[in-house]
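Structural features, examined
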Amino acid sequence: DRPMKRLLITILLTAALVLPAKSHAQYDRNYIYWVGQQCMVKNNYREAIDLLNVLLRHDPKDFDAHFLRGIAKYNMDDLLGADSDFSKAVELNPVFTGAFYYRAITRSRLGNYDDALNDFQQAIELRPDLPDPYYSRGVTRLLNQQFEEAIADFNKFIRFEKRHVAAYINRGTSYLYLNDTIKAFEDFNTAIRTNREDPDGYNRRGALYMAQERYNDACNDFDMAVKCDTTFLPGYFNRALTHSYLHRPMQSLSDFDRVIALDSTSALGYFNRAIVRTEIGDYNRALEDFNSVARYSPDNVLVYYNRAQLHTQLGD
């Protein structure tokens, strides 16, 4: 989920700036801390870490510095380092809600769902009035296949935030896993009404139409998805599949071309384009695509099976 992929720097760090200045060192600490914050805002995470290291060498019990350094490490994909810093912040300040929350997100990214859920629970018990932990816990529960519990969390979050598209999409996805297509459809519709410029709502509803073999309706939704965002890869991929089901191989190939232009390592894009090329008798170019699949996804057993069949048709 996109909100889980990248931590937004929305932390208010004014507390450090209003501490009483008892010494010159205190001013230095505040200034370095402020500069570190500015580096974070500008995505200069390496520089921010270097500055925070200076603070922590002088005061290893500065839990705010551990916390901010954890966020910088998270954004550099050093998830284990981020977990360590958030843990230190919690150890030094056992009621640090933000540290519990961001450690939970980090642990969810690491696939450590049980510990992540424990951290979300701590954050919620400390601040039950904050909406974000409910949303993020819902995403973790969805990933952990706890679909009913995920729905309950998204319900709580939506009571706080009624215009959050991803909450409706994720709740709809949870309903889908419970085979409740009616409620899933309602949530995808709500996501679209909430923001008609967001491609994901159209894409999810289109995928549901496609599963119901309502291919023309699906195609219309995928058209809207790529109209909203001309770089939205899932929309092109799903529309290519829909064109294939509707026996429109040239339109399907055009969309798979777009997928591969957006992601030159897309094994699924090459694989499905190879299938369509095989169907229309373009065997040599299909073989090139299967070769690309074998290069980018060498553990995909199906590519070797399909490539062997293609070699047979080519007399090899």
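Just so you know, these numbers come straight off a predicted model, no measurement behind them.

A tally of helices and strands in the chain yields 19 helices and 0 strands. Counting only C-alpha atoms and orienting by the principal axes, one finds that the chain spans roughly 85 × 45 × 35 Å. In the chain, of all internal contacts separated by at least 6 residues, the share reaching a separation of at least 24 is 47%. Per element, the accessible surface of the chain, about 16,500 Å² overall, is 50% carbon and sulfur. Looking at charge distribution, the chain has the averaged site of its 38 positive side-chain charges lying 3 Å from that of its 42 negative ones.

Direction vectors running N to C along helix α15 (residues 233-245) and helix α17 (residues 267-279) enclose 20°, while the axes themselves pass 11 Å from each other. Accordingly, the angle class assigned to the pair α15 and α17 is roughly parallel. Considering how the two elements wind past one another, α15 and α17 form a crossing that is left-handed. Facing α15, whose interface residues are F237, L241 and S244, α17 presents L268, G269, N272, V276 and E279. Its residues assigned to classes, the contact of α15 with α17 shows 4 nonpolar, 3 polar and 1 charged.

On to unusual backbone geometry, then. If you check the backbone angles, D77 has positive phi at about 65° while not being a glycine. For D77, a relative accessible area of 54% translates into the label exposed.

For the coordinates displayed, the defined rule picks out 22 salt bridges. The salt bridge involving D85 is made with K73; its shortest N-O contact spans 3.1 Å. Of this pair, D85 sits in helix α6 (residues 79-92) while K73 sits in helix α5 (residues 63-75), placing them 12 residues apart in sequence. Comparing D85 with K73 shows no difference in burial state: the two are buried. Here R103 ties to D119 by a salt bridge, and the two come within 2.7 Å at their closest N and O atoms. With R103 in helix α7 (residues 97-109) and D119 in helix α8 (residues 113-126), this pair connects stretches of sequence that are 16 residues apart.

You can see D114 is positioned in helix α8. C-alpha of D114 to C-alpha of R141: the two residues are 27 residues apart in sequence and 9.6 Å apart in space.

For the chain, per-residue confidence averages 92 on the pLDDT scale, and residues scoring 70 or more make up 91% of the total. Long-range and interchain partners of residues 2-6, a stretch whose pLDDT sits below 50, account for 16 contacts in this model, where long-range means more than four residues apart. pLDDT under 50 marks residues 8-27. Its contacts with residues more than four places away, or in other chains, come to 20 contacts.

Let's shift gears to the packing of aromatic side chains. Tallied over the entire structure, the rule returns 17 aromatic pairs. Seen in terms of ring centroids, F237 and F256 are 5.7 Å apart; in terms of plane orientation they differ by 70°. Their pairing is edge-to-face. With a gap of 19 residues between them, F237 in helix α15 and F256 in helix α16 (residues 249-262) connect regions that are remote in the sequence. A residue is classified by how much of its surface remains accessible, and F256, at 1% relative accessible area, is buried. Through a chain of ring-to-ring contacts, three or more aromatic side chains come together here, namely F63, F67, F86, F96, Y101, Y102 and F120. One Lys or Arg, R295, reaches over the ring of Y296 and ends 4.9 Å from the middle of that ring.

Orientation of α7 relative to helix α9 (residues 132-143), taken along the N-to-C sense of each, is 20°, at an axis distance of 11 Å. As far as their axial angle goes, α9 and α7 are roughly parallel. When the axes of α7 and α9 are compared, the crossing they make is left-handed. Between α7, through Y101, I105 and S108, and α9, the contact on the second element is made entirely by D132, P133, S136, T140 and L143. In terms of residue class, the contact of α7 with α9 is built from 4 nonpolar, 3 polar and 1 charged.

The next point concerns the side chain of D119. Among the residues examined, D119 registers a relative accessible area of 3% and is labelled buried. Those residues in contact with D119 that lie beyond four places of it in its chain are F100, R103, A104 and R107.

Reading the values: rules and limits
Along each chain, the written sequence defines residue order, and numbers are assigned to residues from 1. Where local features are concerned, this predicted model is filtered to residues with pLDDT of at least 70; where side-chain atom pairs are given and counted, the filter is 80 or more; whole-chain, interface and lining totals use all residues. Calculation of side-chain values draws on the structure's entire complement of heavy atoms; hydrogens and water are dropped beforehand. Secondary structure elements are taken from DSSP: a helix is a run of H or I of four residues or more, a strand is a run of E of two residues or more, and numbering for both begins at the N terminus. Contacts were defined at the residue level, with two residues in contact if any of their heavy atoms lie within 4.5 Å. Per-residue and other accessible areas were derived by the Shrake-Rupley procedure at a 1.4 Å probe size, with only the shown protein chains allowed to occlude residues. Asp and Glu count as negative and Lys and Arg as positive, but His and the ends of the chain are not part of the count. All charge positions are set by atom: Lys at NZ, Arg at CZ, Asp at CG, Glu at CD. To obtain an axis, a line is fitted to C-alpha atoms, over the contacting stretch when the element is a helix, and the angle between two such axes runs from 0 to 180 degrees between their N-to-C directions. These descriptions rest on fixed angle ranges, namely under 35 degrees for roughly parallel, over 145 for roughly antiparallel, 65 to 115 for roughly perpendicular, and the rest for oblique. In this scheme the handedness of a crossing depends on how the near helix is turned from the far one: anticlockwise by less than a right angle means left-handed, clockwise means right-handed. For this classification, the nonpolar set comprises Ala, Val, Leu, Ile, Met, Phe, Trp, Tyr, Cys and Pro, the charged set comprises Asp, Glu, Lys and Arg, and every other residue, Gly included, is treated as polar. Each residue gets one of three labels from its accessible area relative to the maximum for its type: buried under 20%, exposed over 50%, partly exposed in between, using a 1.4 Å probe on protein chains only. Throughout this description, the term salt bridge denotes a Lys or Arg side-chain nitrogen within 4 Å of a carboxyl oxygen of Asp or Glu. Across the chain, each position has a pLDDT score giving the predictor's confidence in that residue, from 0 to 100. Pairing of aromatic rings covers Phe, Tyr and Trp, the last through its six-membered ring, and needs centres within 6.5 Å; plane angles under 30 degrees mean stacked, over 60 mean edge-to-face, and all others mean tilted. Whether a charge sits over a ring depends on NZ of Lys or CZ of Arg being within 6 Å of the ring centre and within 35 degrees of the ring normal.

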